[in-house]
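# Structural overview
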Amino acid sequence: MIDRRLAMELDGLEGFPEPKLSLEQYETPGEVVRILLSVADREFGLECSRVLDLGAGTGRIGIGAALAGACEVTCVEVDSEAVEVARRNVKRADVEDRVEVVEADVRDFEPEDQYDVTVMNPPFGAQRRGADRPFVEVALEASSGVVSLHRAGTEEFWKRRARELGATCDAIGVVRFPIPAMYPHHRSRIRHVDAVVLVFKKVD
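Right, let's walk through the structure included here. Model, not experiment: these values are computed from the prediction.

Calculation rules
- Residues numbered from 1 in each chain as written.
- Predicted model: local features only at pLDDT ≥ 70, side-chain atom pairs only at ≥ 80, totals over all residues.
- Heavy atoms only, no water.
- Phe/Tyr/Trp six-rings, centres within 6.5 Å; stacked < 30°, edge-to-face > 60°.
- Buried < 20%, exposed > 50% of the residue type's maximum accessible area, 1.4 Å probe, protein only.
- Helix = DSSP H or I, 4+ residues; strand = E, 2+ residues; numbered from the N terminus.
- Core = buried A, V, L, I, M, F, W, Y, C linked by side-chain atoms within 4.5 Å.
- Contact = heavy atoms within 4.5 Å.

### Here's the deal with the packing of aromatic side chains
Going through the model one piece at a time under the given rule, you end up with two aromatic pairs. For the ring pair F157 and W158, a centre distance of 5.0 Å and an interplane angle of 75 degrees mean the geometry is edge-to-face. What makes F157 partly exposed here is its relative accessible area of 25%. For W158, a relative accessible area of 1% gives the class buried. Ring geometry for W158 versus F200: centroids 5.8 Å apart, planes at 85 degrees, classification edge-to-face. Residue W158 is found in helix α6 (residues 155–164), and its partner F200 is found in strand β7 (residues 190–202); the two are separated by 42 residues along the sequence.

### Quick notes on the nonpolar core
In terms of nonpolar packing, the biggest core is built from 41 residues, with V119, V147 and L149 touching the most fellow members. Of the residues forming this core, the biggest block, six residues, is contributed by helix α2 (residues 30–43). If sequence neighbours within four positions are ignored, V119 has contacts with L36, L37, A40, V51, L52, D53, I61 and V147. With 22 residues, the next largest nonpolar core counts A139, L140, A142 and V196 among its residues.

Structure below.
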């Protein structure tokens, strides 16, 4: 069930040991994961589905998808330290039979089969402009639909880009994403940024 108990369970998982600014590593809060999974379930159905998470970090979204009923989940993450944490979290959540954590750069990931949906929180592009673009492009190649979190204000760009990729893009709503003080340039204990939930669907 995709409820607040799921969000709390995900918040109890192990986080990044040493977050890397270059990869824009921030934990996705359990409540934000719950929202993403609720949208994915409504739009595509998670029960017994095949789910992909690109830029999976410590595995919260993928683990949440498995706990919500997905039968097969692949988490792709480039950072080896995060991969090890994600694998420990998978074991802790007791979803080892349904979740695989793959260490790979998203641009090099080549799925063997199509996924039903990709659910992800890619980098917003604060450190490197356009960092989220290859995530969406690969996700649309690998799955029928995508539920993804992006910086608010980029909706029109993504609608245009989706058409170029042979897909539609709809903005579902805005969530407040908390950014805790994790890096030297952070001055506030915590700040919130607006992020938009986007749904991409391939056009037949």
